[in-house]
Amino acid sequence: MNTTDTPDSPAADLPDLSRLTVAVIGAGNMGGPVVTSMLAAGVPGERLRIANSTPASSERAAQQLGATAAASREEGVQGADVVVLGVKPYQVTGVLTELREHLGADTLVLSLAAAVTLEQMAGVLPEAQPIARAMPNTPISVGEGAVGLMSTGLTTAQHDLLHALFSRAGVVVDITEDQVHAFIGAAGSLSALVFALIEAMTDEAVREGLKRDLASQLVQQTVRGAATMLIESGTHAAVAKNGVSSPGGTTVEALAEFERQGVRGGIASAMAASMERSRELTGD
Ligand SMILES: NC(=O)c1ccc[n+]([C@@H]2O[C@H](COP(=O)([O-])OP(=O)(O)OC[C@H]3O[C@@H](n4cnc5c(N)ncnc54)[C@H](OP(=O)(O)O)[C@@H]3O)[C@@H](O)[C@H]2O)c1
C-alpha cells in the first residue's frame, strides 16, 4: 500500500489510493454505491475485488461497477489493505469469524452495517485489528451523499486513508457511535423519505395534468435547486420559505395546508421511528 503523496496525486493532500487493494464483501444496494465512490476516489478497478453470495453474482456486480470479481470471499480478502463489509447486519460477525484468519494484521476492516458496534466486531477479530464503521447513504454514488465514520484503533495514516476512500462521496464526518442513530435518521434513512416525497409530488403533478417526464423533471430540479440554494447561500430554510410566500398568494396557501395536514409532524415521526429502530436493533 502506498499512502504517500506525490506531486502527481489527484489531490496532493490525500493519500494516494492507486496502489491500494480493497475487498468488498457484499456489493448490494449500499455496497455498490460504496464501490462506485471508492473507484471515483482513485482505487483502481483491478484492485477493487468484489465477493457476493455467489461467483455469478460477484461477476455481475464487478462488471456493472467496473471492479474485479473475486472467486471467493477468502480470495477477495487475501492481501487486501481494506476489507469492506456490505452484508446484512446479522451476517457481519459470522463473515468476520470466517475471514479473520485471512486478514493481515494491518488490514482495515470497514463495516457498513447498521446496528453492529465496533465492540461487537472487535469481539471476533484479533486484538489491535484496525476497525471502522461507515454509515453512508445511496446518493454517495453520485458524489452527493453523506457518510458518518466511526473507528477504533486507527493510526492517523489509517484515519486519513478512511477519509480518502470517501473523498468523492459528498459530506463525510467523524461521528461517535452514540450519534449514529441520529445520523441514520438524518441521512442514512432520510434519502428514502426524500425519494418517497419526490414520488408523491411527481404523482400529484401528473394528476394535475402534467406529462410524467415533465413532472419528474420539474420536481427533481426544484428539490435539487432548493437544497443547492440553501447550501450555497447559507440561508436558513425558514427565511427562504418566507421569501416565497406572498401575502394571500398560492405558496402561503400550500404551506397552510401542509401544516393543517400534519406533514411536518409526519416527517418528524418518520425520522424518529428510524432512529428508534436503530437503537432497538443495536440493543441501546
Ligand atoms: N441500503 C441502504 O441505504 C443502507 C444504508 C446504510 C447502511 N446500510 C447497510 O448496508 C448493509 C447492506 O445492506 P443493503 O441494503 O446493501 O443489502 P443488499 O442490497 O441485500 O446487499 C447485501 C449484499 O451482500 C451480499 N451477500 C449476502 N450474503 C453474503 C455472503 N455470505 N458473502 C458475501 N456476500 C454476501 C449479497 O450478495 P447477492 O447480491 O449475491 O445476494 C448482496 O450483494 C447492511 O448491513 C445495512 O445495514 C444500508
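For the structure itself, consult the block above.
Structural notes, computed from the coordinates.

Reading the values: the criteria
Residues numbered from 1 in each chain as written. Predicted model: local features only at pLDDT ≥ 70, side-chain atom pairs only at ≥ 80, totals over all residues. Heavy atoms only, no water. 1 Å grid on protein atoms, 1.4 Å probe; cavity = no way out; pocket = protein on both sides within 12 Å on 5 of 7 lines; lining within 4 Å. Points joined across faces, edges and corners; volume = space filled by probe spheres on them. Helix = DSSP H or I, 4+ residues; strand = E, 2+ residues; numbered from the N terminus. Domains from an automatic or database assignment. Expected span 1.5 Å × (residues − 1). Buried < 20%, exposed > 50% of the residue type's maximum accessible area, 1.4 Å probe, protein only. Arc of directions from axis to C-beta. Contact = heavy atoms within 4.5 Å. Core = buried A, V, L, I, M, F, W, Y, C linked by side-chain atoms within 4.5 Å. Right-handed = clockwise from strand over helix to strand, strands pointing away. Near = heavy atom within 4 Å. Polar contact = N/O pair within 3.5 Å; in protein donor to acceptor, adjacent residues only side chain to side chain. Areas by Shrake-Rupley, 256 points an atom, 1.4 Å probe, with all protein chains shown as cover. Pairing = 2+ DSSP bridges.

Computed from the structure, the second largest pocket encloses a volume of approximately 880 Å³. In this structure, the second largest pocket is lined by 36 residues; those nearest its centre are Met-30, Gly-86, Val-87, Lys-88 and Pro-89. Only β6 (131-136), α7 (180-188), α8 (190-207) and α12 (263-282) provide two or more residues apiece to the lining of the second largest pocket. For the lining of the second largest pocket, the element with the most residues is α12, which contributes four residues. Mapped onto the domain boundaries, the lining of the second largest pocket takes at least three residues apiece from domain 1 (22-177) and domain 2 (190-282).

Attention now goes to α12. In this model α12 runs 29 Å from its N-terminal to its C-terminal C-alpha over 20 residues, within 8% of the 28 Å that 1.5 Å per residue would give. Within α12 the residues assigned to the buried category are Ser-274, Met-275, Ser-278 and Thr-282. Taken end-on, α12 shows its buried residues confined to a sector of 90°, consistent with a single buried face. Against the buried residues of α12 lie α7.

Moving on, we get to the nonpolar core. Within the largest apolar cluster, 34 residues are counted, with the highest numbers of intra-cluster contacts made by Val-22, Met-38, Leu-48, Val-84, Leu-165 and Phe-166. If we ignore the near neighbours within four places in the chain, the residues touching Leu-48 are Val-22, Val-24, Val-35, Met-38, Leu-39, Val-43, Ala-67 and Thr-68. By size, the runner-up hydrophobic cluster in this structure holds 30 residues, among which are Ile-25, Ala-70, Val-87 and Val-92.

On to the pairing of strand β5 (residues 108-111), then. Burial along β5 is two-sided: the face carrying Leu-108 and Leu-110 and the face carrying Val-109 and Ser-111 are both buried. The parallel pair strand β4 (residues 82-85) and β5 is bridged by helix α4 (residues 92-99), and the resulting crossover is right-handed.

Around the ligand lies a shell of 22 residues, among which Asn-29, Met-30, Ser-53, Ser-57 and Val-87 are the nearest. Within the side chain of Ser-57, a nitrogen or oxygen atom sits 2.6 Å from an oxygen atom of the ligand. Between Val-87 and the ligand, the recorded distance is 2.7 Å, taken from a backbone N or O atom to an oxygen atom. For the ligand, whose free accessible area comes to 910 Å², the fraction covered by protein is 75%.

What follows concerns the pairing of β4. Alternating positions in β4 separate into two faces, Val-82 and Val-84 on one and Val-83 and Leu-85 on the other, with burial throughout. As paired strands, strand β1 (residues 22-25) and β4 are joined by four bridges and run parallel to one another. Bridging across to β4, Val-22 finds its partner in Val-82. Across four bridges, β4 lies against β5 in parallel orientation. Bridge pairing in β5 places Val-82 opposite Leu-108.

Here we take up the environment of Ile-184. Within the element layout of this structure, Ile-184 appears in helix α7. Spatially, the C-alpha atom of Ile-184 lies 20 Å from that of Gly-26, the residues being 158 residues apart in sequence. Ignoring sequence-local partners within four residues, the contact set of Ile-184 consists of Ala-114, Met-135, Ser-189, Leu-190, Ser-274 and Ser-278.

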